[in-house]
Structure formats: structure tokens, C-alpha cells
Amino acid sequence: MCGLRYQSSAEGFTLIEVLLAILIGSVVLTVLYTSFFQIIKAKDKIENELEMYHEAYVILARINKDLINAFPRGMVNSFAATDSGPFFIGTEENGSSSIRFTSLSRIPAQEARDSDQTEISYFLQEVPESDLYALIRRDNPQIGNETAGREYEITDKVAKFNLKYLTEEGLGADTREFANEWNSTVSSSIPMAVEIYLVLRSPYGEDVEFNSLITIPVAK
């Protein structure tokens, strides 16, 4: 009687095959790891950029609301005449602008005997240990009283804040001409429009530019 034979055809992996598999696995994991963190970094950058664009939109919207309500100082919904000082001043120093003007953007309390006029100011302050600036807004309903009103920081990411003022004469030119400064004491008027050039610094150190042209209705 013949016995049954059993033969095994299974063979083990060689050392070279094991090392090659480890190498291929390491390469794949490295590629996946790098791609994952690149995607995360790109996502964070896009979110930061969207946040900065939203911040710029809020800033420009706030300035726009104040400027479109700019008005020569005087007896406007008020029981007491204010002083006859300048009602629109725009200055520039070292390429940075500041502006101060009377605006009707303030809403008085109901049945209050005060004016809806307020003096609005926008100016820059240096950020300590940085080459950036903070944009400050000041709102003073007690026009002429330098100690009244309140001011607060809108953003501390400003690399540049520049304003230019369109005169009525500039409208008739083929190319619009803007003045770097404005003084209502000299012109006895408000500019037709204000061009805003705002540069904000992103968290990644990139300077992003924003432009806006605000037309002032009362100047027409």
C-alpha cells in the first residue's frame, strides 16, 4: 500500500522584498503626510484671507457711511449754532492720511435736544514693535470740545492708509485729478468724492490692497 505524499509550495519573503515593501510604504506615507499638511495650510490661508477681506469690507463700509453723510457744519437739526471752524480737513504726512469732518451719521436719542451732527476722525497710530499701524476712529458729538467723544481701534493691521480728494474741477478732466489734502477753510466746500487706498498685512506677511471711491452726495 502506497503512502500519501504532501508537499508544501508556500515560500517566505526574502529580506530584499521586505525592505522594498517598507521603502514603498514609507514613500506613500510621506507623500500622504505632506499632502495632508499642505491641504491644511492652504485651508488656513484661505480662511485667513477671507477674514481679512471681511475686515476690509467692514472698515470701508464704516468709512463710507460716515463720508456719505458729511455735511458743512451749521444749524442742521440743532437748537444751538456750532462754531464756524473747518468742517472738512484731510491731511497727509509721510504718505499716510488723516481726516476729520462733520457728519450726520449720528442718531440722537429720541426727543433729545442735541444735534445729529458729529465730528468724525480717522487717523493712524503706530503699533509698538511693528512697522504696522492701527486705524483709529474718533466720534465727537460735542464739536469743539477736544476732550469729549470717544475713539477706538478699528484694526491694527494697516500697512498703508491714503486718501485723495476729488474736486469739481477734476470731474471735467479726461483723467480724474485728485488732491492729496483738503481744507474747507480755504475751499469752503466738501470734496465731490474721496478715494481710499487701504493696505492690510495678512498673517502670512503679505500686503493686500483695497480701493474704494466714495461719492459725497451733498457736494453735488
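Criteria and cut-off values
Residues numbered from 1 in each chain as written. Predicted model: local features only at pLDDT ≥ 70, side-chain atom pairs only at ≥ 80, totals over all residues. Heavy atoms only, no water. Helix = DSSP H or I, 4+ residues; strand = E, 2+ residues; numbered from the N terminus. Contact = heavy atoms within 4.5 Å. Areas by Shrake-Rupley, 256 points an atom, 1.4 Å probe, with all protein chains shown as cover. Patch = residues over 30% accessible without salt bridge, like charges linked within 9 Å, V, L, I, M, F, W, Y side chains within 5 Å. Salt bridge = Lys/Arg side-chain N within 4 Å of Asp/Glu carboxyl O. Buried < 20%, exposed > 50% of the residue type's maximum accessible area, 1.4 Å probe, protein only. Phe/Tyr/Trp six-rings, centres within 6.5 Å; stacked < 30°, edge-to-face > 60°. pLDDT = per-residue confidence, 0-100. Core = buried A, V, L, I, M, F, W, Y, C linked by side-chain atoms within 4.5 Å. Pairing = 2+ DSSP bridges.

Caption draft 1: Examining the overall build of the protein chain more closely. Each helix and strand counted, the protein chain has three helices and nine strands in total. A sequence separation of at least 24 residues applies to 54% of the contacts in the protein chain between residues at least 6 apart. Taken as a whole, the protein chain presents about 14,500 Å² of accessible surface, with 55% of it coming from carbon and sulfur.

Caption draft 2: Structural context of a nonpolar patch on the surface. Taken together, the side chains of L20, L23, I24, V27, V28, L29, V31 and L32 present a nonpolar region at the surface, about 760 Å² in accessible area. Summarising the element assignment, L23 is placed in helix α1 (residues 15-68).

Caption draft 3: Broad picture of the pattern of salt bridges. Under the defined criterion, the tally for this structure stands at eight salt bridges. The partner of E55 in a salt bridge is K157, and the shortest N-O contact between them spans 3.4 Å. Residue E55 is located in helix α1, and its partner K157 is located in strand β5 (residues 150-166); the two are separated by 102 residues in the primary sequence. Overall, K157 belongs to the partly exposed group, its relative accessible area being 29%. The salt bridge partner of D207 is R201, with a shortest N-O separation of 2.3 Å. In this structure, a network of salt bridges that share partners links the residues R62, D66, R137 and D139.

Caption draft 4: Geometry of the packing of aromatic side chains. Tallied over the entire structure, the rule returns four aromatic pairs. Here the aromatic rings of Y53 and F210 are separated by 5.2 Å at their centres, their planes lie at 80 degrees, and the arrangement is edge-to-face. Linking Y53 in helix α1 with F210 in strand β9 (residues 207-215), this pair joins segments that are 157 residues apart in sequence. A relative accessible area of 9% means that F210 is categorised as buried. Taken together, a centroid distance of 6.1 Å and an interplanar angle of 90 degrees make the contact between F88 and Y165 edge-to-face.

Caption draft 5: Examining the confidence of the model for the protein chain more closely. Averaged over the protein chain, the pLDDT score is 81; the fraction of residues at 70 or greater is 80%. Of the regions scoring below 50 in pLDDT, residues 75-82 engages in 14 contacts with residues more than four places distant in sequence or in other chains.

Caption draft 6: Inspection of unusual backbone geometry at higher detail. At N94, a residue that is not glycine, the phi angle is positive and equals roughly 55 degrees. Within the fold, N94 resides in the loop between β1 (88-93) and β2 (96-103). Of note, the phi angle at E129 is positive, near 55 degrees, even though the residue is not glycine.

Caption draft 7: The arrangement of the nonpolar core in detail. If you look at the biggest cluster of nonpolar residues, it comprises 29 residues, and the most contacted ones within it are L67, F88, F161, I196 and L198. Within the residue set of this core, elements represented by two or more residues are α1, β2, β3 (118-126), β5, β8 (193-201) and β9. Sequence-distant contacts of L67, defined by excluding residues within four places in its chain, comprise F88, I99, F101, V194, I214 and I216.

Caption draft 8: Broad picture of the pairing of β9. Sheet analysis places β8 next to β9, joined by nine bridges and oriented antiparallel. Following the sheet pairing, I196 is matched in β9 by S212. The hairpin turn running from β8 into β9, its antiparallel successor, is five residues long, and G205 in that turn takes a positive phi close to 85 degrees.

Caption draft 9: The arrangement of the pairing of β5 in detail. As paired strands, strand β4 (residues 133-140) and β5 are joined by six bridges and run antiparallel to one another. When the sheet's bridge partners are listed, R137 is paired in β5 with Y152. Pairing analysis gives eight bridges linking β5 to β8, with the strands arranged antiparallel. Residue pairing for β8: K160 is matched across the bridge by V199. Two strands pair when backbone bridges link them, and β5 and strand β6 (residues 178-179) are joined in this way by two bridges, in the antiparallel orientation. The residue bridging Y165 from the neighbouring strand is A179, located in β6.

Caption draft 10: Quick look at the environment of L132. Along the chain, L132 turns up in the loop between β3 and β4. Its relative accessible area of 12% is what places L132 among the buried residues.

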